[in-house]
Amino acid sequence: MNGFSYFPHTEADIQQMLERIGVKSVGELYDDVPADYLYKKEYDLPDAMSEQEVRDFFYGLSSRNSRLTCFVGAGAYDHYTPSVIPYITSRSEFITAYTPYQCEISQGTLRYIFEYQTMICDLTGLDVSNASMYDGPTAAAEAMRMMVASVRKSTTVLVSSTLLPNVIEVIRTYAKFYGTTIEMIDEADGRTSLQSLTSILSSVKTGVAGAIIPSINRHGIIEDLTGFADSLHAQKALLTVYCDPSALAVLKTPAEWGADIAVGDAQPLGIPLSYGGAYVGFMACRKEHLRKLPGRIVGQTKDGQGRRAFVLTLQAREQHIRREKATSNICSNESLMALWVTVYLSLMGPEGMKRLNQLCYENAHYLHDELIKTGKFEEVFQAPFLKEFVLRPLVDVRTLQRKLSENGFFAALETSEGYVSFCATEKRTKQEIDSLINIINKEVEA
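Every value quoted in this text rests on a predicted model; they were computed, and no experiment measured them. The written sequence of each chain sets the order in which its residues are numbered from 1. Since the coordinates come from a predicted model, pLDDT governs what is reported: local features require at least 70, and pairs of side-chain atoms require 80 or more to be given and counted, while whole-chain, interface and lining totals use all residues. Think of the side-chain values as coming from all heavy atoms in the structure, minus any hydrogens and water.

Moving on, we come to the packing of helix α5 (residues 107–124) against helix α10 (residues 335–373). For helices, the fitted line uses only the C-alpha atoms of the stretch in contact; every axis is such a line through C-alpha atoms, and the angle between N-to-C directions lies from 0 to 180 degrees. By the criteria applied, helices consist of DSSP H or I runs no shorter than four residues and strands consist of E runs no shorter than two, each listed in order from the N terminus. One can describe the packing of α5 onto α10 by two numbers: an axis separation of 9 Å at closest approach and a directional angle of 60°. With respect to α10, the axis of α5 lies oblique. The interaxial crossing formed by α5 with α10 has left-handed handedness. Here Tyr112, Ile113, Glu115, Tyr116, Met119 and Leu123 of α5 come into contact with α10, specifically with Ser335, Leu336, Ala338, Leu339, Val341, Thr342, Leu345 and Ser346. Should an angle lie under 35 degrees it is considered roughly parallel, over 145 roughly antiparallel, and from 65 to 115 roughly perpendicular; all remaining angles are considered oblique. Handedness of each helix crossing follows the sense of rotation of the near helix against the far helix: counterclockwise by less than a right angle gives left-handed, clockwise gives right-handed. Note on contacts: a residue pair is in contact if any heavy atoms of the two residues lie within 4.5 Å.

And the structure:
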């Protein structure tokens, strides 16, 4: 074996493969390419480095990153990652596995995907889950397409103004290129307005396919979705709820709110922030919408000897058969990240998830109260929140952010209204919170 773990084939491996197919060199594989199209010059590449030099180079790059204590959420949350998860997910059978088309040799992969689907169904209360989507925003956009495909008589979808801005922008992009009309539902006192929704429902002459509303919104407020499903269903429209899945351990599930579809980003389920990814979107729905659900679905069956077995099922979608008639453009899943989430939920269990949310609640409310005590922030909304909230700053926001950053904190994310957003997960300590407050008191002038 060669000394480089990331080189998949030795010279002997390559020679054996060439002999098997009856050619003498890799170059012979390109004999049918006209000589004029072959690049004959030297490649403009940097000088070769040893393995240690390569490692040192990238360690040097990573050392330039600012490692700040995170007090920001906005859809990406700094939750604890149990150390066993990277160990399990880095095993070669998981890293190298792609879509398990050959079920006979893919039972391990198919089983953990099935377990992932089961856990997402447990969290959302819905009947069926896929595995999986690229991230939360694209999952929301796919839900938009799914509602239009299911209702058929309308291409109008309502979107709550309290959704995260990046989610709204992705939905708008999808809508533009699929001929879907987006109508925005107004907010009232920081929450999605039921009155605004019913008003739009009565005014859109061609009908509405459905609505997308968050369970916890961009202000950190826990939404009260009473009456939304009833109003939509009365007009033959569907309800999609955009969720933080970790919070579903203690909040009403989408199913309890009467939702038809639930989507969101599973990043809060132990996936590190990692400067922006990779994340994984989830999607679940009621069984009557199963055949419109995009992405991979693993089903349970029995083999020829009557033993429990797993297979990819309902594949009449995307590149398999439907091609341009598919209801989704999701052709690949993100099994590795779905495995990450599955291991995380298996380790945490129901009681662990409840305890996590209790710690988040305690930290966030302690931070909120201490910020108000500084006299440099005002309350914006009188509404329940779990781990994230917004305040009205009475100081210059740029100065506030700079002082916090200089002292090792990423906090006070500014919103479009000029509020500042804070978040405190179970990872934040009382000492960290007190240190942040101390900096604001001493270094930020009112």
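Let us now look at the pairing of strand β3 (residues 156–160). Of all five residues making up β3, five are buried, and the element is well covered by its neighbours. Burial of the side chains of β3 extends over both faces: Thr156, Leu158 and Ser160 are buried on one face and Val157 and Val159 on the other. Taken together, the five bridges between β3 and strand β4 (residues 181–185) define a ladder with parallel strand orientation. Bridging from a neighbouring strand, valine 157 pairs with isoleucine 182 of β4. Viewed along the sheet, the connection from β3 through helix α7 (residues 165–178) into β4 turns out right-handed. Paired strands, as defined in this entry, are two strands with at least two bridges between them according to DSSP. Relative to strand β7 (residues 210–214), β3 is paired through three bridges, and the arrangement is parallel. Accessible area is worked out with a 1.4 Å probe on protein chains only. A residue is then buried under 20% of its type maximum, exposed over 50%, and partly exposed in between. Looking down the strands as they point away from you, a crossover is right-handed if its path from the first strand over the helix to the second goes clockwise.

Turning our eyes to something else, we now look at the pairing of strand β11 (residues 298–302). Relative to strand β12 (residues 308–312), β11 runs antiparallel, the two being bridged by five bridges. Considered in β12, the bridge of glycine 299 is made with valine 311. Between the antiparallel neighbours β11 and β12 lie five residues, among them glycine 306 with a positive phi of about 80°.

Picture the strands of a sheet paired through backbone hydrogen bonds; they go either parallel or antiparallel. On the basis of which strands lie adjacent, the open sheet formed by four strands has the order β13-β14-β17-β16 and antiparallel pairing. On the outer flanks of this sheet lie β13 (377–379) and β16 (413–414), each paired with one strand and no other. Relative to strand β17 (residues 420–423), β16 is paired through two bridges, and the arrangement is antiparallel. Across the sheet, residue glutamate 414 finds its bridge partner in β17, namely valine 420.

What follows is about the environment of alanine 175. Looking at the element boundaries, alanine 175 is found in helix α7. Sequence-wise, alanine 175 and methionine 144 are 31 residues apart; in three dimensions their C-alpha atoms are separated by 8.1 Å. With sequence-adjacent residues up to four places away left out, alanine 175 is seen in contact with Met144, Thr180 and Ile182.

Regarding helix α11 (residues 397–406), the residues found buried are Val397, Leu400 and Leu404. The buried residues of α11 occupy an angular sector of 60° when projected down its axis, which confines them to one face. In this structure, α11 carries Arg398 and Glu406 as exposed residues pointing more than 90 degrees from its buried face. Residues of α11 that are buried sit in contact with β13, β14 (388–393), β15 (409–410), β16, β17 and α12 (430–443). Its side-chain oxygen placed 3.4 Å from the backbone nitrogen of arginine 398, aspartate 396 serves as the N-cap of α11. Just downstream of α11, glycine 408 is the residue with a positive phi angle, here 90°. Arc, as used here, means the arc of the directions from the helix axis to the C-beta atoms. Two N or O atoms form a polar contact when they lie within 3.5 Å of each other; inside protein one atom must be a possible hydrogen donor and the other a possible acceptor, and for residues adjacent in sequence the pair counts only when both atoms belong to side chains.

Moving on to unusual backbone geometry. Residue alanine 131 is joined to serine 132 through a cis peptide bond whose omega torsion reads 5°. For serine 132, the position within the fold is in the loop between β2 (128–129) and α6 (136–151). Here the bond from glycine 277 into alanine 278 is cis, since omega is 5°, no more than 30 degrees from zero. Residue placement: alanine 278 occurs in the loop between β9 (261–265) and β10 (281–285).

Right, let's talk about the packing of aromatic side chains for a bit. For Phe, Tyr and Trp, where Trp contributes only its six-membered ring, two rings pair if their centres lie within 6.5 Å, and the inter-plane angle classes them as stacked under 30 degrees, edge-to-face over 60, or tilted in between. All chains considered together, the criterion is met by 10 aromatic pairs. On the numbers, 5.3 Å between centres and 25° between planes, the contact of tyrosine 39 with tyrosine 43 is stacked. Accessibility assignment for this pair places tyrosine 39 and tyrosine 43 in one class, exposed. An angle of 50° between the planes, with centres 5.1 Å apart, marks the rings of phenylalanine 114 and phenylalanine 310 as tilted. Remark: phenylalanine 310 occurs in strand β12 and phenylalanine 114 occurs in helix α5; sequence separation between them is 196 residues. Neither residue differs from the other here; phenylalanine 114 and phenylalanine 310 are each classed as buried. One aromatic cluster in this structure is built from Phe377, Phe385, Phe389 and Phe422. In this analysis the charged atom, NZ for Lys or CZ for Arg, is taken to sit over a ring once it is within 6 Å of the ring centre and within 35 degrees of the ring normal. The positively charged end of lysine 252 is found above the aromatic ring belonging to tryptophan 257, 4.3 Å away from the centroid. We note arginine 428 situated over the ring of phenylalanine 71; from NZ or CZ to the ring centre the distance is 5.7 Å.

Further remarks concern the nonpolar core. Remark: nonpolar core denotes a set of buried residues (Ala, Val, Leu, Ile, Met, Phe, Trp, Tyr, Cys) joined through side-chain atoms within 4.5 Å. Ranked by internal contacts, the top residues of the largest apolar core, which has 56 residues, are Leu158, Leu197, Ile213, Leu269, Val341 and Leu345. Within the residue set of this core, elements represented by two or more residues are α5, α8 (194–203), β7, α9 (228–234), β8 (238–243), β10, β12 and α10. A per-element tally of this core places α10 first, with 11 residues. Start and end points for every domain follow an automatic or database-based domain assignment. Viewed by domain, this core spans two of them, domain 1 (69–79 + 348–443) and domain 2 (84–343), each represented by three or more residues. Here valine 341 is in contact with Tyr116, Ala266, Leu269, Ile271 and Val280, once residues within four sequence places are set aside. Counting 31 residues, the second-largest nonpolar core is a separate cluster that includes Ala175, Leu238, Ile261 and Met283.

The next thing to look at is the pattern of salt bridges. Salt-bridge detection follows one rule: a side-chain nitrogen of Lys or Arg within 4 Å of a carboxyl oxygen of Asp or Glu. With the rule as written, the count across this model stands at 15 salt bridges. One salt bridge connects arginine 218 with glutamate 187, and the closest N-O pair in it is separated by 3.3 Å. Here arginine 218, found in the loop between β7 and α9, pairs with glutamate 187, found in strand β5 (residues 187–188); they are 31 residues apart in sequence, far enough to count as distant. By relative accessible area, which is 28% here, glutamate 187 ends up partly exposed.

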